[in-house]
Amino acid sequence: MSNVIEKRIVALASAARTATATSASFQLSHDATDIAICIATSAFTSGTFTAKLQHSLDGSLWEDVAGAVSPAVAATGQVTDYATAAVLPMVRVVLTGATTPVATQAVYIVYG
């Protein structure tokens, strides 16, 4: 039996982006499972974007979450990547643009 991903946090609301962005930090609930990052691109012009999930114990020291990193996105659509290791309670998203990026995207933290 598989789990259904039913909860989401809007880390970066849908907007036209041309550069790197870092979300605010969010506190995950103690029972969060199957944690993933989802990048939804509704319009694309050029370049690439990569989204990654970072976690922290205290909100001041951050590290990347293993597995929760998107491939370079260069088209419209949705990409979801799941954490492959335990996740600390505080999370944020880092969206990195490259090669003159222009796209409209939203980035979510999703979990069961």
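Residues numbered from 1 in each chain as written. Predicted model: local features only at pLDDT ≥ 70, side-chain atom pairs only at ≥ 80, totals over all residues. Heavy atoms only, no water.

**A look at the confidence of the model for the protein**
- Of all residues in the protein, 97% attain a pLDDT of 70 or more, and the chain-wide mean is 93.
- In the model of the protein, strand β7 (residues 90-111) stands out as the element of lowest mean pLDDT, 95, in contrast to strand β5 (residues 63-69), which has the highest, 97. (pLDDT = per-residue confidence, 0-100. Helix = DSSP H or I, 4+ residues; strand = E, 2+ residues; numbered from the N terminus.)

**Quick look at the side chain of Arg-17**
- Along the chain, Arg-17 turns up in strand β1 (residues 7-17).
- Of the side chains with opposite charge, Asp-81 comes closest to the buried, unpaired Arg-17, at an N-O distance of 16 Å.
- Of note is the side chain of Arg-17, whose polar atom sits 2.4 Å from the backbone oxygen of Ala-13.
- A distance of 3.4 Å separates a polar atom in the side chain of Arg-17 from the backbone oxygen of Gln-105.
- Setting aside residues up to four positions removed in sequence, Arg-17 forms contacts with Leu-12, Phe-49, Leu-95, Pro-101, Val-102, Ala-103 and Gln-105. (Buried < 20%, exposed > 50% of the residue type's maximum accessible area, 1.4 Å probe, protein only. Lys, Arg positive; Asp, Glu negative; His and termini not counted. Salt bridge = Lys/Arg side-chain N within 4 Å of Asp/Glu carboxyl O. Polar contact = N/O pair within 3.5 Å; in protein donor to acceptor, adjacent residues only side chain to side chain. Contact = heavy atoms within 4.5 Å.)

**Describing the environment of Gly-97**
- Secondary-structure assignment places Gly-97 in strand β7.
- Relative accessible area serves as the criterion here: at 21%, Gly-97 is assigned to the partly exposed category.
- Taking C-alpha positions, Gly-97 is 19 Å from Val-65, a pair spaced 32 residues apart along the chain.
- For Gly-97, the residues in contact, after removing those within four places along its chain, are Thr-20, Thr-48 and Phe-49.

**Quick notes on the pattern of salt bridges**
- Applying the stated rule across the entire model yields 1 salt bridge.
- As a salt-bridge pair, Asp-64 and Lys-52 come within 3.3 Å of each other at their nearest N and O atoms. Within this pair, whereas Asp-64 is found in strand β5, its partner Lys-52 is found in strand β4 (residues 36-56), the two being separated by 12 residues in sequence.
- Using a relative accessible area of 23% as the deciding quantity, one classes Lys-52 as partly exposed.

**Thoughts on the pairing of β5**
- Where β4 meets β5, 3 bridges bridge the pair, whose relative direction is antiparallel. Along β5, the bridge assignment pairs Lys-52 with Val-69.
- Joining the antiparallel neighbours β4 and β5 is a turn of 6 residues, in which Gly-59 adopts a positive phi near 85 degrees. (Pairing = 2+ DSSP bridges.)

**Let's talk about unusual backbone geometry**
- With phi around 50 degrees, Asp-34 is a residue other than glycine that occupies positive phi space.
- Among the structural elements, Asp-34 can be located in the loop between β3 (26-27) and β4.
- Positioned with a positive phi, Thr-99 is a non-glycine residue whose angle comes to about 55 degrees.
- Taking relative accessible area as the criterion, Thr-99 reaches 65% and is therefore assigned exposed.

**Focus on the nonpolar core**
- Ranked by internal contacts, the top residues of the largest apolar core, which has 22 residues, are Leu-28, Leu-53, Val-93, Val-107 and Ile-109.
- Broken down by secondary-structure element, the contributors of at least two residues to this core are β1, β4, β5 and β7.
- Considering every element that reaches this core, the biggest residue donor is β7, with 7 residues.
- Those residues in contact with Ile-109 that lie beyond four places of it in its chain are Lys-7, Arg-8, Ile-9, Ala-11, Phe-26, Leu-28, Ile-35, Ala-36, Leu-53, Val-91 and Val-93.
- Formed by 5 residues, the second largest nonpolar core is a distinct cluster that contains Cys-38, Ala-106, Tyr-108 and Val-110. (Core = buried A, V, L, I, M, F, W, Y, C linked by side-chain atoms within 4.5 Å.)

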